[in-house]
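Chain residues, written in single-letter form:
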Amino acid sequence: MEIESETPGSERARSWRANAQEASKKLEDGDRLIKEPAWKRFLAHVGPGFMVSLAYLDPGNLETDLQAGANHRYELLWVILIGLIFALIIQSLAANLGVVTGRHLAEICKSEYPKFVRICLWILAEVAVIAADIPEVIGTAFAFNLLFHIPVWVGVLITGSSTLLLLGLQRYGVRKLEFLISMLVFVMAACFFGEMSFVKPPAVEVLKGLFIPRLKGPGATGDAIALLGALIMPHNLFLHSALVLSRKTPSSVRGIKDACRFFLYESGFALFVALLINIAVISVSGTVCFADNLSPEDAERCSDLTLDSSSFLLKNVLGRSSAIVYGIALLASGQSSTITGTYSGQYIMQGFLDIRMKKWLRNLMTRCIAIVPSLVISIIGGSSGAGRLIIIASMILSFELPFALIPLLKFSSSSSKMGPHKNSVHIIVFSWLLGLMIIGINMYFLSTSFVGWLIHNSLPKYANVLVSLLVFPLMLIYIFAVIYLTFRKDTVVTFVADSAQIDTEKAKAAGEEEEENQPVPFRQDLADIPLPE
């Protein structure tokens, strides 16, 4: 009996046929998806933008909004407007990067940068996730304090297990859970809108605050940086570039263009809603705290406004039940934002280190680290100290932003990464101008604040010298790192120009309609990532 042996050539031929059949099937599926109505294709892409937008309504945003209104009335509304416009641009760039390359931002950073730089970027990204989790921990603890009169530090300890319980409930359907949480968050938004209609902030002053940049009064620059840090968070860029990979995007020029456009529309609507809610919170806080008939008790609260002491702002709408409704909505806000932070941490670890952890273990690790400073500050400084820690965490996020933003701007504007789908000249100029403006403000605030502290503190001279020797080199390293990321030339090519590009160029000569259905020449070597179920 003869035994047929397979030659390497026959194995290659069979593998080639299998790959060809798979590619043909993908093209057929893409053609079928493209022929569906536009509204149906748009609904198929809805989800990532709204999930990311929950991070713009988290306890960190509420805390910075409340203090901005109580300290500066409407003068910092322009920061919210510019921040969310910039957030829309960079979130869209993150979504486009994922759609075109088939990889998320952390994975491209891993392939692009040397090992030392890669490890540093991973550490900074993890610190950003932890800094973003601190407001969720404190916000949830404040919610427990409002609902059950539990001390804040005890609420911080309970918070570690509350999110694990919430993640465990996802087996019953994460979509239903996210919908419930979102509805609770929007209940709080409706309360602030109702209160805003009651207190009636002057429309002219609100419009001036939105469109006339001002930084007057003590602490205005710090509050503005905290607002930006709470709005534009580094881990959101990693998250959005990964979440879009859960949608079936046809691998054709038209399919990718449609997906990028649909994600832009979805993010625009979600962030517009977030903008309105943030404006309402600042307007209510600014109007109530600067009212002529403010009681002495409320005036004292406004002087040091925190999440757990701000329920009185809604008493005109909700009366005695304001604390309960506000506490429930605050609890929902903290928990929903924590889910996005958990997934962000998972993608960051998987992308930089190729390590995939179970969601509950990842959440437990991040939360345990975030609990330590929250617990210490809440025990020593109470509610007031915990509120200040939220502001500090938001400022940390703002300082960390360049280490996610600069790679995103460079990758999304690079022909070697995006091919013909790279950013237009207008987007490149506008996004870099805004990005450099935010980075410049951060550096200015960092340097002037530190120098001012050195001049006015009461420490001995030798202590000031030691602090200077420690801090100034760190500031120089920060500036050097930003310059390095900005001017370093990309070396890794993820956009591969192969025969498909030749076909595309031929189709371009034949006609636009034919061109749009050609395969897109890009390397998609990301087989599967753990996405929300």
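Residues numbered from 1 in each chain as written. Predicted model: local features only at pLDDT ≥ 70, side-chain atom pairs only at ≥ 80, totals over all residues. Heavy atoms only, no water.

Mapped onto the fold, Pro-213 is located in the loop between helix 10 (203–211) and helix 11 (220–231). Among the residues examined, Pro-213 registers a relative accessible area of 54% and is labelled exposed. (Helix = DSSP H or I, 4+ residues; strand = E, 2+ residues; numbered from the N terminus. Buried < 20%, exposed > 50% of the residue type's maximum accessible area, 1.4 Å probe, protein only.)

Here the focus is the nonpolar core. Counting residues in hydrophobic clusters, the biggest one holds 118 residues, and the most contacted among them are Ile-232 and Tyr-326. The element contributing the most residues to this core is helix 5 (residues 77–101), with 16 residues. What Tyr-326 contacts, discounting residues up to four positions off in sequence, is Leu-66, Leu-146, Met-188, Phe-192, Leu-307, Ser-310, Ser-311 and Leu-314. Residues Ala-55, Ala-128, Ala-131 and Met-233 belong to the second largest nonpolar core, which totals 6 residues. (Core = buried A, V, L, I, M, F, W, Y, C linked by side-chain atoms within 4.5 Å. Contact = heavy atoms within 4.5 Å.)

What follows covers the packing of aromatic side chains. A complete count under the given rule lists 4 aromatic pairs for this structure. Relative to Phe-411, the ring of Tyr-113 has its centre 6.0 Å away and its plane inclined at 40°; by these criteria the two rings are tilted. Note that Tyr-113 is positioned in the loop between helix 6 (105–112) and helix 7 (115–148) and Phe-411 in helix 18 (residues 402–412), a separation of 298 residues in sequence. By relative accessible area, Tyr-113 is classed as buried at 4%. According to the relative accessible area criterion, Phe-411 is buried, its value standing at 0%. Sitting over the ring of Phe-262, Arg-261 keeps its end group 5.3 Å from the ring centre. (Phe/Tyr/Trp six-rings, centres within 6.5 Å; stacked < 30°, edge-to-face > 60°. Lys NZ or Arg CZ within 6 Å of the ring centre and 35° of its normal.)

Quick look at empty space enclosed by the protein now. Summed over all chains, the structure comprises 8 cavities of 30 Å³ or more. There is about 70 Å³ of room inside the largest cavity. Contributing to the lining of the largest cavity are Trp-78, Val-79, Ile-82, Leu-215, Ala-224, Leu-228, Met-437, Ile-438 and Ile-441. Residue classes in the lining of the largest cavity are distributed as 9 nonpolar, no polar and no charged. (1 Å grid on protein atoms, 1.4 Å probe; cavity = no way out; pocket = protein on both sides within 12 Å on 5 of 7 lines; lining within 4 Å. Points joined across faces, edges and corners; volume = space filled by probe spheres on them. Nonpolar A, V, L, I, M, F, W, Y, C, P; charged D, E, K, R; others polar.)

Glancing now at a nonpolar patch on the surface. Nonpolar side chains collect at one region of the surface, where Trp-153, Leu-157, Val-372, Val-376, Ile-379 and Ile-380 lie side by side and expose about 590 Å² of accessible area between them. Within the residue set of the nonpolar patch, elements represented by two or more residues are helix 8 (152–168) and helix 17 (359–400). The residue Trp-153 is located in helix 8 in this model. When its relative accessible area of 38% is taken as the criterion, Trp-153 is described as partly exposed. (Patch = residues over 30% accessible without salt bridge, like charges linked within 9 Å, V, L, I, M, F, W, Y side chains within 5 Å. Areas by Shrake-Rupley, 256 points an atom, 1.4 Å probe, with all protein chains shown as cover. Salt bridge = Lys/Arg side-chain N within 4 Å of Asp/Glu carboxyl O.)

Our focus in this paragraph is unusual backbone geometry. We note that Arg-73 has phi near 60°; this positive angle belongs to a residue other than glycine. Mapped onto the elements of the fold, Arg-73 is located in the loop between helix 4 (59–72) and helix 5. Judged by relative accessible area, Arg-73 falls into the partly exposed class, the value being 32%.

Let's shift gears to the state of the cysteines. Scanning all chains against the criterion turns up 1 disulfide. Across a sulfur-sulfur distance of 2.1 Å, Cys-289 and Cys-302 are joined as a disulfide pair. Residues Cys-289 and Cys-302 are joined through a disulfide that is left-handed, its torsion about the S-S bond being -75°. Linking Cys-289 in helix 13 (residues 253–289) with Cys-302 in helix 14 (residues 296–303), this pair joins segments that are 13 residues apart in sequence. Note on accessibility: Cys-289 and Cys-302 belong to one class, buried. (Disulfide = S-S within 2.5 Å.)

Here the focus is the confidence of the model for the protein chain. Overall, the prediction assigns the protein chain a mean pLDDT of 76, with 79% of residues at 70 or greater. Ranking the elements of the protein chain by mean pLDDT puts helix 23 (residues 512–516) last with 44 and helix 18 first with 92. In this model residues 497–506 is a low-confidence stretch, pLDDT under 50, and it forms 9 contacts with partners more than four residues away in sequence or in other chains. Predicted confidence for residues 512–533 stays below pLDDT 50, and this span has 76 contacts to residues more than four positions away or in other chains. (pLDDT = per-residue confidence, 0-100.)

Quick look at the pattern of salt bridges now. Pairs can form between side chains of opposite charge whenever their charged atoms are close. Inspection of every chain in the model, using the stated rule, returns 6 salt bridges. Residues participating in the shared-partner salt-bridge network are Glu-112, Lys-410, Lys-417, Arg-488 and Asp-490.

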